[in-house]
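An overview of the molecular structure
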Amino acid sequence: MRGRPRESPTDSATTRYRGADGRWHARVTVGRRLDGERDRRHISRRTKRELDAAIRDLENARDSGQQPWLLDNVTVEQWVEHWLDEILPLAVRWKTRSGYTSHLRVHVLPFIGAARLTDLRPETLERLYRELLDQGRSTQVVHGVHRTLGSCLAEAVRRQRILSNPVALARPPRVERTEIEPLDVEECRAVLAAAQYRFNGARWSVALSLGLRQGEALGLLWDDIDLDAGILRVRRALQRRTWMHGCSPRTRKEPICGNKRGADCPQRRDGGLVLVEPKTRASRRSVALPAPLVAELRAHRAAQNRIKLERANVWDHTLDLVFSTDWGIPVDPAADQREWKQLLRDAGVREVRLHDARHTAATLLLLQGVDIRTVMAIMGWTEMATAQRYVHAVDELRHEAARRMGEALWNSPRSPWPAPGRPAHGRPG
């Protein structure tokens, strides 16, 4: 009788049969699934001899540890969603995963999501990059997509979903980097003068003198600062997370509540302003405070305590934050950004990013003669390449380098070049 035979639940042998279509079929056990059930793979050939050869190849691959059956019809979208939802949460921090999710769901899946994973070629990805550039995306965004897709497909190679990573051969566009010009000393003084009488004015002194990341500064608690010893300890960071739906199982794509945004879900979860671990292990650090900053922080704490007394009934005492709103709750990073831009306008200083205050602090430390290793410890860096991206050769450093070279070669603190009329080398004529 033709057709698929009935199998015993305990039968792990290969099953052969001739189907109603006239072809020969087999079910081969290749391992166990995550639920413990046998993983049976179907193969079909025109003749029994061809089927036996295919069975031998599959069994040999199974016994040698290879998994060619994973090279199936999985699409890019199916693999990306599996990587984002099942693999990444176990390996990376929330913010990293959020960035990867944005790159893949916004910039990759709309273009190549329906393609088979095994059909991806370097040329496929290069067409994707050109399409993103034509849509007005920056080269930095395209490079971010390139790196994220490379990590995603590297995991597919590791799990034998594809034989090689096409991203390794694809060429992304050349990144045009703009030179960052940190604030100079006079601009920093103007900013600090404009912040002097603002609520949380010491926040900007911390940014420009210590170079703390935004989340690190906004996540500071008073327990992290020893004003008597002049020490600040970075132990956590404030982060805004996107609200997730709480009404549906994690495996369900469409929310039960019917709202598109997780923020509108009646059972929303895992969102809002939260305190998290610092960015890296090196980010957990202790920093010595300049004496003027200690005085500023003392004055700031006294002013904050006065407001606490005035608003004792409404002040949020959950967290003893160094920099909070005038109701005691964490400062929203977006509001912090707006305050920085307004502060620059009030100080009459050119507009720069808030993160450029970190570049400024690192550069000013070098101007004061602090060695690069100490700067790296203050900033929480572990790699010299990271330091080189943040530290900038401003004019003061260039002139100081020229002065020291003049002293070294010509033993003169003045110009390193020979005086007019004097021979460049040899004895005087």
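Data block above holds the structure.
In this text the structure is predicted, and so the values were computed from the model without any measurement. (Residues numbered from 1 in each chain as written. Predicted model: local features only at pLDDT ≥ 70, side-chain atom pairs only at ≥ 80, totals over all residues. Heavy atoms only, no water.)

**A closer look at the sheet that holds strand E8 (residues 285-288)**
Within a sheet, neighbouring strands are paired by backbone hydrogen bonds and run either parallel or antiparallel to one another. Applicable threshold: Paired strands, in this sense, are two strands between which DSSP finds at least two bridges. Helix and strand definitions here come from DSSP, where helices need a minimum of 4 consecutive H or I residues and strands a minimum of 2 consecutive E residues; each element is numbered from the N-terminal end.
Ordered by their spatial adjacency, three strands build an open sheet running E4-E5-E8, and the pairing between neighbours is antiparallel. The two strands at the open ends of the sheet, each matched to only one other strand, are strand E4 (225-226) and E8. Sheet topology places strand E5 (residues 231-234) next to E8; four bridges connect them, and they run antiparallel. If you follow valine 234 over to E8, its bridge partner there is arginine 285.

**Some remarks on the pattern of salt bridges**
Basically, it comes down to this: Whenever Lys or Arg places a side-chain nitrogen within 4 Å of a carboxyl oxygen from Asp or Glu, that contact is recorded as a salt bridge. When a residue's accessible area, from a 1.4 Å probe over protein chains only, is under 20% of the maximum for its type it is buried; when over 50% it is exposed; and in between it is partly exposed.
Under the defined criterion, the tally for this structure stands at 25 salt bridges. A salt bridge links aspartate 228 to arginine 298; the nearest nitrogen and oxygen atoms lie 3.1 Å apart. Residue aspartate 228 is found in the loop between E4 and E5, and its partner arginine 298 is found in helix H9 (residues 291-310); the two are separated by 70 residues along the sequence. One salt bridge in this structure joins aspartate 270 and arginine 269, with 2.4 Å as the shortest N-O distance. Overall, the relative accessible area of 48% leaves aspartate 270 in the partly exposed class. With a relative accessible area of 33%, arginine 269 lands in the partly exposed category.

**Some points on the packing of aromatic side chains**
The criterion, for reference: Within 6.5 Å between ring centres, the rings of Phe, Tyr and Trp (the latter by its six-membered ring) count as paired, and their orientation is classed by plane angle as stacked under 30 degrees, edge-to-face over 60, tilted in between.
Using the criterion set out here, one finds two aromatic pairs in the structure. Aromatic pair tryptophan 83 and tyrosine 100: ring centres 5.7 Å apart, planes at 25°, arrangement stacked. Separated by 17 residues along the polypeptide, tryptophan 83 in helix H2 (residues 76-87) and tyrosine 100 in helix H3 (residues 94-112) bring together distant segments of the chain. On the basis of relative accessibility, which here comes to 22%, the residue tyrosine 100 falls in the partly exposed class. When the ring of tryptophan 204 is compared with that of tryptophan 340, the centres are 5.5 Å apart and the planes differ by 40°; the resulting orientation is tilted. Note that tryptophan 204 is positioned in helix H7 (residues 202-210) and tryptophan 340 in helix H10 (residues 333-347), a separation of 136 residues in sequence. Here tryptophan 204 matches tryptophan 340 in class, with each residue buried.

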